[in-house]
Amino acid sequence: MQELSQKHLLGIKELTSEDLELIFATADNFKDVINRPIKKVPSLRDITIANVFFENSTRTRLSFELAEKRLSADVINFSSANSSVKKGETLLDTVNNILAMKVDMVVMRHSSPGAPHFLAKHIDANIINAGDGTHEHPTQALLDTFSIREQYGKVEGLKVAIIGDILHSRVALSNIFALKKLGAEVMVCGPNTLLPKYIASLGVKVELDVKKALQWCDVANVLRIQLERQQIKYFPSLREYSLYYGINKKLLNSLDKKITIMHPGPINRGVEISSDVADSEHAIILDQVENGVAIRMAVLYLLAGSKMA
Ligand code: CP
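Residues numbered from 1 in each chain as written. Predicted model: local features only at pLDDT ≥ 70, side-chain atom pairs only at ≥ 80, totals over all residues. Heavy atoms only, no water.

Student: Kindly report on the domain arrangement of the chain, identifying the contributing residues and their values.
Tutor: Partitioning the chain into structural domains gives domain 1 (12-136 + 289-308) and domain 2 (138-286). Distance from the C-alpha centre of domain 1 to the C-alpha centre of domain 2: 26 Å. If you look at the interface, domain 1 gives 30 residues, while domain 2 gives 26 residues. Across the domain 1 to domain 2 interface the summed buried area is about 2,500 Å²; carbon plus sulfur atoms make up 62%. For the domain 1 face of the interface with domain 2, the top three residues by lost area are Ile 12, Phe 24 and Thr 134, together amounting to 24%. Between domain 1 and domain 2 we count three salt bridges in total. Its salt-bridge partner being Lys 31, residue Glu 150 comes within 2.6 Å of it at the nearest N-O pair. Scanning the region where domain 1 abuts domain 2 turns up 13 residue pairs in polar contact (both at pLDDT 80 or more). Those elements giving two or more residues to the side of domain 1 that touches domain 2 turn out to be helix H1 (17-34), helix H2 (59-70), strand S3 (105-110), strand S4 (126-132) and helix H11 (285-308). (Domains from an automatic or database assignment. Contact = heavy atoms within 4.5 Å. Buried area = accessible area lost by both parts, 1.4 Å probe. Salt bridge = Lys/Arg side-chain N within 4 Å of Asp/Glu carboxyl O. Polar contact = N/O pair within 3.5 Å; in protein donor to acceptor, adjacent residues only side chain to side chain. Helix = DSSP H or I, 4+ residues; strand = E, 2+ residues; numbered from the N terminus.)

Student: Which residues make up the nonpolar core, and what are the values?
Tutor: The nonpolar side chains of soluble globular proteins are, as a tendency, buried together. If you look at the biggest cluster of nonpolar residues, it comprises 63 residues, and the most contacted ones within it are Ile 23, Leu 142, Ile 162 and Leu 300. Considering every element that reaches this core, the biggest residue donor is H11, with 10 residues. When residues are assigned to domains, this core turns out to be shared by domain 1 (12-136 + 289-308) and domain 2 (138-286), each giving three or more. For Ile 162, the contacting residues outside a window of four places in its chain are Ala 172, Asn 175, Ile 176, Leu 179, Val 186, Met 187, Val 188, Cys 189, Asn 221 and Leu 223. Core analysis: the next-biggest nonpolar cluster, separate from the first, contains 29 residues, Leu 194, Trp 216, Phe 235 and Leu 255 among them. (Core = buried A, V, L, I, M, F, W, Y, C linked by side-chain atoms within 4.5 Å. Buried < 20%, exposed > 50% of the residue type's maximum accessible area, 1.4 Å probe, protein only.)

Student: Outline the site of the ligand, listing residues and values.
Tutor: Neighbouring the ligand are the residues Ser 57, Thr 58, Arg 59, Thr 60, Arg 109, His 137, Gln 140, Pro 264 and Gly 265. At 3.0 Å from a nitrogen atom of the ligand is found a side-chain nitrogen or oxygen belonging to Gln 140. Note that a nitrogen atom of the ligand is positioned 2.8 Å from one of the backbone N or O atoms of Pro 264. Both domains that furnish three or more residues to the shell around the ligand are identified here as domain 1 (12-136 + 289-308) and domain 2 (138-286). (Near = heavy atom within 4 Å.)

Student: How would you explain helix H4 (residues 115-122) if you had to name every residue and give the values?
Tutor: Those residues of H4 not exposed but buried are Ala 115, Pro 116, His 117, Leu 119 and Ala 120. If you follow the buried residues of H4, they end up packed against helix H3 (91-99), S3 and S4.

Student: Explain the environment of Lys 205 residue by residue, including any values.
Tutor: For Lys 205, the location among the structural elements is in strand S7 (residues 205-207). For the pair Lys 205 and Val 188, spaced 17 residues apart in sequence, the C-alpha separation works out to 6.3 Å. Other than its neighbours up to four places away in sequence, Lys 205 contacts Glu 185, Val 186, Met 187, Val 188 and Trp 216.

Student: Quick rundown of H2? Include the residues and the values.
Tutor: In this model H2 runs 16 Å from its N-terminal to its C-terminal C-alpha over 12 residues, within 8% of the 16 Å that 1.5 Å per residue would give. Burial in H2 covers these residues: Thr 60, Ser 63, Phe 64, Glu 65, Ala 67 and Glu 68. Ser 72 lies just past H2 and shows a positive phi near 70°. (Expected span 1.5 Å × (residues − 1).)

Student: Which residues make up the sheet that holds S3, and what values do they have?
Tutor: Judged by pairing direction, the sheet is parallel, and its four strands sit side by side in the order S2-S1-S3-S4 without closing on themselves. Of all the strands in the sheet, just strand S2 (74-79) and S4 have a single pairing partner and so form its edges. The mean angle between the axes of side-by-side strands here comes to 15°, regardless of whether they run parallel or antiparallel. (Pairing = 2+ DSSP bridges. Axes fitted to C-alpha atoms, helices over the stretch in contact; angles between N-to-C directions.)

Student: Mind laying out the pattern of salt bridges, listing which residues take part and the relevant values?
Tutor: Within the structure shown, the criterion is met by eight salt bridges. Lys 69 is paired through a salt bridge with Glu 65; the nearest N and O atoms lie 2.7 Å apart. Of the two residues, Lys 69 and Glu 65 are both situated in helix H2; the distance of four residues between them amounts to about one turn of the helix. When its relative accessible area of 40% is taken as the criterion, Lys 69 is described as partly exposed. You can call Glu 65 buried: its relative accessible area is 14%.

Student: Can you tell me about the packing of aromatic side chains, naming the residues and giving the values?
Tutor: The way to describe two aromatic rings as a pair is by their centre distance and the angle between their planes. In total, this model carries five aromatic pairs according to the counting rule given. On the basis of an interplanar angle of 80° and a centroid distance of 5.4 Å, the ring pair of Phe 30 and Tyr 301 is categorised as edge-to-face. With Phe 30 in helix H1 and Tyr 301 in helix H11, the pair connects residues that are 271 residues apart, well separated along the chain. Here Phe 30 falls in the buried class, since its relative accessible area comes to 7%. Tyr 301 gets classed as partly exposed once you look at its relative accessible area, which sits at 24%. (Phe/Tyr/Trp six-rings, centres within 6.5 Å; stacked < 30°, edge-to-face > 60°.)

Here's what the structure looks like:
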């Protein structure tokens, strides 16, 4: 069995392009499996996985749980909101107590950047980062690039614009790493205040004019304004943001080509994207969600490989 270069999935930054191709090839097989009448395989029958979520989630949490169940793993779910974290228990104590119950793999979402990297230094189980603050969201970037590959048959040579709140987005950073490793050209677009100062050093183009970004790209990945991470005002109002950066049908119709629209969710309809775009034939937003299950099955299966050998 082929293996990933890493024991954990902490970020896309640590993966090689060969790792990405191996995950995609494995996800191709699992996508076939989940479209069969019998959607379950026994691959992780003796593996126990804890989904440990210190931050809210709909797609990522459900998608991991479904992927684990499709692979026949035993699954436990932990949410900090109704846990002893509220009584002062630390992250390391929480996870060590979960691991004492003979858990093999931990899928973790945390609001602190680097929290999964910290855990990986202290525990033996495989750690999968399900989003760490404003840092990385590796499985989202994997399912995004897998969806682009599915749409165009390749990622190399394509032009991808990531539009919106780049400053607070773990999806943006993981997508930039994945797209660059796979040979795509990447542009970021948003108001100056929502673009990190260092961003050009990652080898991406920077554009402030959304129409120019849309005219340049084959694929636009539209990001949510993350108000929950913003302590100060980065633009005057959501109405104004929508006016200058919102993607709507009129804007798409003004282009001289058809582009693909992506969004990692959750969508704020009428802010960064209008309903007539989100629900249009341009958008592959629900394909991304479908692909998330196959991608997460692939990641879990490949990381568990060493345990099953
Ligand atoms: N895309 C994403 O991470 O969505 P959730 O926050 O609902 O998991």
